[in-house]
Each structure stands twice: as structure tokens, then as C-alpha cells.
Amino acid sequence: MPVGLFRVCLLVITAIVNHPLFFPKENGTVPENTEEIIQKMKEREESLRLEQLRLEQEIADQEATQKALEKATVVVEESKEEKVRWDMWTALSMVIFLLIELWRQDFQEGNWQDIGGEEDDMAVLGKAFKGVAFPDKAVLASFYEKRILGTTGDMARMREMVEGFADDLLEALRSVCNRDADMEVEDCMGVGSMYENWRVRKPFVCDLIVPFAPPEPYCFCCQTWCSGDSFPPDEQGYGTIKVCRADEDAMGCICDKTKLGEDMLCLLHSQVSNTRPSSEMEDLLCFKNTQYLDANQVMKWFQIAVTKAWNRISHKYEFDLSFSLLDSPGALKIKFKSGKSIAFNLTPVVQYENSDVYFISHFPRSSLAADTPSSTHWFLTFAVYERRFIQLVSKTLPANACHVSCLQILSFLHGKQCSLTGPSGLTNYHLKTVLLHLLQARPSQDWAPEKLEARLQDMLKFLEKCLHEKKLYHFFIGNGKIPAELGFPIIFQRAEPINLFRPFVLRRDIYRKMVDTFHEMLRNMSALINEYTVHIPLAHTNGIRKEPL
């Protein structure tokens, strides 16, 4: 019971306290606060809505970025796969290219010289011969007997006279030189058309080369374009000559290639010896501040030495000696009191190792070395081996073989054409190279004297083919079929073949002039030959069957 009363009293008290009228002033502002709360709630709702929109926009941007990244990843993966496929194709292409290059080199070593042996190949050529009347055997024989043989009979006497005088001149040159300081001059050798018996045009000029060597204790260390170091394409066929002491390595000491520092000293070379290239080397005809032989310095020294030698022996002869050409330092001319003259070239050369290949300072009356890279680059000449090869092959040919006659007739026609239309890039050396290729390619019996007409046609057709392809390879360089009897250096047989027509590939004007001259020569061939041919009876020519072109 007491507990019940207590609960009733507590309920009444609570009702009185919580009655609204008990605190009238405090509860009078409830409506106003409710409106403010509602307004704040609306503002809060609006801000939350804007925040929601912002968050939704950020989520959309993130999803777009994620999609772009996924797309970029796919593109990168595809590009990687494409690159892998491209690399595979590139590698495969390189392998195929290398295989083709190896096959081409093998083909060149085995077959690049085998021209003229297949008549089908020769039949494809000869487009320039269409409509050209080629002289028959009788006309060619008469022309050769009257024009060629009639003007070359005194060549042997001229060679003998020039060689005898040159030997006397060089002996005097040795006597005026200082044996301890000047270059040592050896005996001269005859090369070129005069000594290969195929020169036909006057004036006859003998070409003599004079090997020389440095004084002791120096020696020449030669380096060619195919000796290992890389040479640019325009320097193929050239080499350099370094003047070294006999006890010095050709490559030089390592102190010349590295910086030792100011506090270090080479044990082999003192400071005094380091000044040698700039003092003694210039006296040894080297280029300034180098050890490389300078072709211009050599020619100046040689001209001065020849002049001194002639002054010593001039009283023995009843003629005068002078330098005939300014652009050919070794060109000499003998002038007799009667007004006649004899010209010859005396050119200093350097022997390559123990072979008969020589470094030559310049080519008289020739464009073979017209664009020498520098005066320290020397052109290599194989003239001695060319003469020996012709002599060796001639021993295997029939009696009175027509190989020399073909070269003489072709050289005469080319010279006559150049006198009419002006000189071209085609030279007699190119014509001789064509003959050397055909001598190696054709059997010996094909050079019988009665086959002069056919072989002359072969030379013209082969030359036409080379002009069309702009390729005429040097006969010795890269030719693995050189007879062993010649003793030709193996380093040049294994070298990459050199295209003698390469300078004309970029010089289209010279190439066009060369082709036009060749075609003009073909068209004028009959007229030029008939001009120097005696009349042949018709009955005689009817009995000779002409070979078709």
C-alpha cells in the first residue's frame, strides 16, 4: 500500500513539472525555432544534394579515367605485340639479306669472271649494234696491216733509247743525292701500252716507274684499304705510307695514342724523341706534323733531283731535257737539234711489301686517280702484274693471236672518236680491262688470228654491257682465279671487287658523255676503218663469210 501511494504522488509531481503552463516564457519561442530549423534543414539538404552531385561527377570522371587507362593499356599491349611482330620481320629480313649477300659474294668469286663463255648471254646484248655495218675480216686485216703495223715499227728502238737514257739519268741522280739523308732510288721499270705492245696513237710515250726507299734506319710501313681498317668507298684502291724506324712497330707506341699525363713519361720515348715527327719527318718528305709520306713532297724532291742529275750529265748528250707538262711532274721531253722530240714519264713509286704492287703518286695523262682524297693517300697500281699476265697468257695462245690486235684497233677507234667529239670518261685502261676479262674467260683457240672480227665484236658487246650496267670490275682486285705463277698477293684476291665505273654513277653528265661517245664510235667505225684501208677487190671479199652480230 505505501508503495502504491508513493507511485501516485511521483506521477502527480511529474505531471505538474512538465505542464506547458508552468514555464510560459521559455516555451513561447518554439514555433520560431522550428521555422529556422526547417530552413537550415533545407539549406543542409541543398548542400548535401550539391555534394552528392559533385561526388557523382568525380566518380564519373574516375570511371572515365579508368576506362582511358584500360584502353591505353590495351593499345600499349597491342603495340608491344606489333613491335614484337615487326622485330621478328626485321630480323627475318636481315637474315634473308645476309644470305643473299653471302650468295652474291660466292657467285662473284666463282662466276663474276665467267663472261663471254655463253653465247646466249652475248646474244641478248648488242642493241647498239643494230644498223651498224661491221667491217669484215679482209677489211680489218688490211686496216691493221696498213694503219697499225705501219706506225708501230719503231716502238722497240724508242723503248731501248729511253730506257738507256733513264738508267744513265738515275745513276747520276744517285751520285748527287746524299746517301745518308736522301731517298734511295732503284732501277726503273717500263709499264703500260708501250711495253705491252698495243699502243697505236702518236706521240709514243714510254711510262717508267722508279721505286725508292728511305735512308737507314727508316723504312716504309704500308697500309691499304683492304688491310683491315675501314676506308670510305671513295678511298678504295688507295693506301697510306708511314715512315718508321726499322726498330719501331708500324702501329707506333701506345704513348702516341693515349694521354699519359704531365707527371708520366714513356720509358721507350723521351721528350727529345717525341719531337722527331715535326723535325726529321719533314726532311723525309712526310706531311707536316705526321709520319705519312706526302706525294706532293715526293714529286718536288724528285723534280729537283732529276734537274741536278741532268746538269751533271748534260754535256754527254746532244739534246735538251725539260719537264713537258705542269700537271704531270714526272713528264719529261727530249728535244733534238733537228726539231724532233721524244716524251716519256718517270714516276716515283713505293713497293708494297715484297710484291710487284706499287703505290704511285699520280697517273700521267689519266683520270684514274684524279680525285685523290689527300696527298697522303697513294693509289695502288698493278701495271707490272698486268704486263706479266698478258705475257703469260700469250704463251698459251695460237701463233699470231689476235688479242693484241683487238685492243689496238679498239684503242685506235676510241682515240679517233675522242678527237672528233672530245674526251670522255672512257679510257684506254678500261679497254685493256675488258680484254683481260675476255682473255681469262675464253679458251685459247678462240684467239686465233682468223677470229679477229668475232673477238672484236665480243669486246664491243662486253663494253656495251658494262656501260649499261655501270659496272666494270678491276681485273685483279677480288679475282680469285689469278694464275699462281704470277705470285699475286692473296690479300687483293680476297678483297671486295672494285667497280671502275663507280665514279660515273653519281656523275651523270660524264656517264652520258661516255655512252654517247661509245655509240658515236660504233656508228663511225666503218668510216674510220675505210679511211685507212686500201681498196679490196670485190671478188676477194665475196669469198669471205661474215659472222652475224
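Residues numbered from 1 in each chain as written. Predicted model: local features only at pLDDT ≥ 70, side-chain atom pairs only at ≥ 80, totals over all residues. Heavy atoms only, no water.

Draft legend 1. Local environment of the overall build of the chain. The helix and strand tally for the chain stands at 17 helices and 10 strands. Out of the 549 residues belonging to the chain, those deemed buried represent 42%. A fraction of 71% describes how many contacts in the chain between residues 6 or more apart in sequence connect residues 24 or more apart. Accessible surface computed for the chain: about 32300 Å², of which carbon and sulfur atoms make up 56%. (Helix = DSSP H or I, 4+ residues; strand = E, 2+ residues; numbered from the N terminus. Buried < 20%, exposed > 50% of the residue type's maximum accessible area, 1.4 Å probe, protein only. Contact = heavy atoms within 4.5 Å. Areas by Shrake-Rupley, 256 points an atom, 1.4 Å probe, with all protein chains shown as cover.)

Draft legend 2. Molecular detail of unusual backbone geometry. Of note, the bond from K202 into P203 is cis; its omega dihedral lies within 30 degrees of zero at 5°. Cis rather than trans, the peptide bond between E216 and P217 has omega equal to 10°. On the secondary structure map, P217 appears in the loop between β3 (205-213) and β4 (218-224). Despite not being glycine, N197 shows a phi value in the positive range, around 65°.

Draft legend 3. Quick look at helix α13 (residues 452-469). A rise of 1.5 Å per residue sets the reference length of α13, with its 18 residues, at 26 Å; its end C-alpha atoms lie 26 Å apart and thus fit the reference within 8%. Counting buried positions along α13 yields 15 of 18 residues, so the element is predominantly enclosed. Following α13 by one or two positions, K470 adopts a phi angle in the positive range, close to 55°. (Expected span 1.5 Å × (residues − 1).)

Draft legend 4. Region of interest: the side chain of S526. Following the sequence through the fold, S526 ends up in helix α16 (residues 508-531). Take S526: its relative accessible area is 18%, and that puts it in the buried class. Ignoring anything within four residues of it in the chain, the contact list for S526 reads A133, F134 and P135.

Draft legend 5. Representation of the packing of α13 against α16 within the structure. As a packed pair, α13 and α16 sit with axes 11 Å apart at the nearest point and diverge in direction by 155°. Taken together, the axes of α13 and α16 lie roughly antiparallel to each other. You can see that α13 and α16 cross each other, and the crossing is left-handed. For the pair α13 and α16, the contacting residues are L460, L463, E464, L467 and H468 in the first and Y511, M514, F518, M521, L522 and M525 in the second. Here the residues of the contact of α13 with α16 sort into nine nonpolar, one polar and one charged. (Axes fitted to C-alpha atoms, helices over the stretch in contact; angles between N-to-C directions. Parallel < 35°, antiparallel > 145°, perpendicular 65-115°, else oblique. Left-handed = near helix turned anticlockwise from the far one by under 90°. Nonpolar A, V, L, I, M, F, W, Y, C, P; charged D, E, K, R; others polar.)

Draft legend 6. Representation of the side chain of H403. Checked against the element boundaries, H403 lands in helix α11 (residues 403-421). On the accessibility criterion, H403 (6% relative accessible area) is buried. Among the polar contacts made by the side chain of H403, one reaches the side chain of S394 at a distance of 3.1 Å. Setting aside its immediate chain neighbours within four residues, H403 contacts I390, S394, L397, L435, L439 and W447. (Polar contact = N/O pair within 3.5 Å; in protein donor to acceptor, adjacent residues only side chain to side chain.)

Draft legend 7. Summary view of the UniProt feature "coiled-coil region" (unreviewed entry) in the chain. The feature "coiled-coil region" (unreviewed entry), as annotated in UniProt, sits at residues 38-72 in this numbering. End-to-end, the C-alpha atoms of residues 38-72 are 50 Å apart, and along that stretch the chain is 100% helix and 0% strand. (UniProt positions renumbered as here; feature names shortened; annotations may be inferred.)

Draft legend 8. Spatial organisation of the environment of F389. Checked against the element boundaries, F389 lands in helix α10 (residues 383-394). Since its relative accessible area comes to 2%, F389 is described here as buried. Residues F389 and L436 lie 47 residues apart in sequence; the distance between their C-alpha atoms is 8.5 Å. Residue contacts for F389: discarding those within four places in its chain leaves L436, L439, Q440, F475, F476, P483 and L486.

Draft legend 9. Inspection of the packing of aromatic side chains at higher detail. Under the criterion given, the structure shown has 27 aromatic pairs. Their ring planes at 85° and their centres at 6.2 Å tell us that F165 and F344 sit as a pair that is edge-to-face. A residue pair is termed long-range when its members are at least 10 positions apart, and F165 in helix α5 (residues 155-176) and F344 in strand β8 (residues 341-351) qualify at 179 residues. Each member of the pair F165 and F344 is classed as buried. Ring geometry for F475 versus F476: centroids 5.0 Å apart, planes at 85°, classification edge-to-face. Accessibility assignment for this pair places F475 and F476 in one class, buried. Joined through ring pairs, the aromatic side chains of W225, Y352, F359, F382, Y385, F389, F475, F476, F488 and F492 make up one cluster. (Phe/Tyr/Trp six-rings, centres within 6.5 Å; stacked < 30°, edge-to-face > 60°.)

Draft legend 10. Quick peek at a nonpolar patch on the surface. Where nonpolar side chains cluster on the molecular surface, the patch consists of W89, L92, I96 and I100 and spans about 430 Å² of accessible area. Relative to the helices and strands, W89 resides in helix α2 (residues 30-111). Of the residues examined, W89 reaches a relative accessible area of 56% and is grouped as exposed. (Patch = residues over 30% accessible without salt bridge, like charges linked within 9 Å, V, L, I, M, F, W, Y side chains within 5 Å. Salt bridge = Lys/Arg side-chain N within 4 Å of Asp/Glu carboxyl O.)

Draft legend 11. Seen up close, the nonpolar core. L169, L293, F344, L346, W378 and F476 are the most contacted members of the largest nonpolar core, which has 114 residues in total. Those residues in contact with L169, other than ones at most four positions away along the chain, are V306, A309, W310, I313, L321, L332 and L346. Formed by 10 residues, the second largest nonpolar core is a distinct cluster that contains V349, I360, F363 and V384. (Core = buried A, V, L, I, M, F, W, Y, C linked by side-chain atoms within 4.5 Å.)

Draft legend 12. Representation of the confidence of the model for the chain. Per-residue pLDDT for the chain has a mean of 79; in total, 73% of the residues score no lower than 70. The model gives residues 267-278 a pLDDT under 50, and that stretch makes 14 contacts with residues more than four places away or in other chains. Low pLDDT, under 50, characterises residues 535-549; the predicted model gives this stretch 22 contacts beyond four residues in sequence or across chains. (pLDDT = per-residue confidence, 0-100.)

Draft legend 13. Focus on the packing of helix α12 (residues 428-441) against α13. One can describe the packing of α12 onto α13 by two numbers: an axis separation of 10 Å at closest approach and a directional angle of 110°. For the element pair α12 / α13, the angle class is roughly perpendicular. In this structure, the crossing between α12 and α13 has a hand that is right-handed. Along the contact surface, α12 presents L431, V434, L435, H437 and L438, while α13 presents D458, M459, F462 and L463.

Draft legend 14. View of the pattern of salt bridges. Applying the stated criterion to the full structure yields 18 salt bridges. E453 is the partner of K137 in a salt bridge, and the nearest nitrogen-oxygen pair spans 3.5 Å. Pair noted here: K137 is in helix α4 (residues 137-148) and E453 is in helix α13, with a separation of 316 residues, a long-range link. Owing to a relative accessible area of 25%, K137 belongs among the partly exposed residues under this scheme. Between E386 and K432 there is a salt bridge, with its nearest N and O atoms 2.7 Å apart. Separated by 46 residues along the polypeptide, E386 in helix α10 and K432 in helix α12 bring together distant segments of the chain. Taking the relative accessible area as the measure of exposure, E386 reaches 2% and is therefore buried. The exposure class of K432 is buried, given its relative accessible area of 5%. A cluster of three or more residues bridged by salt bridges with shared partners is formed by R442, D446, K451, R455 and D458.

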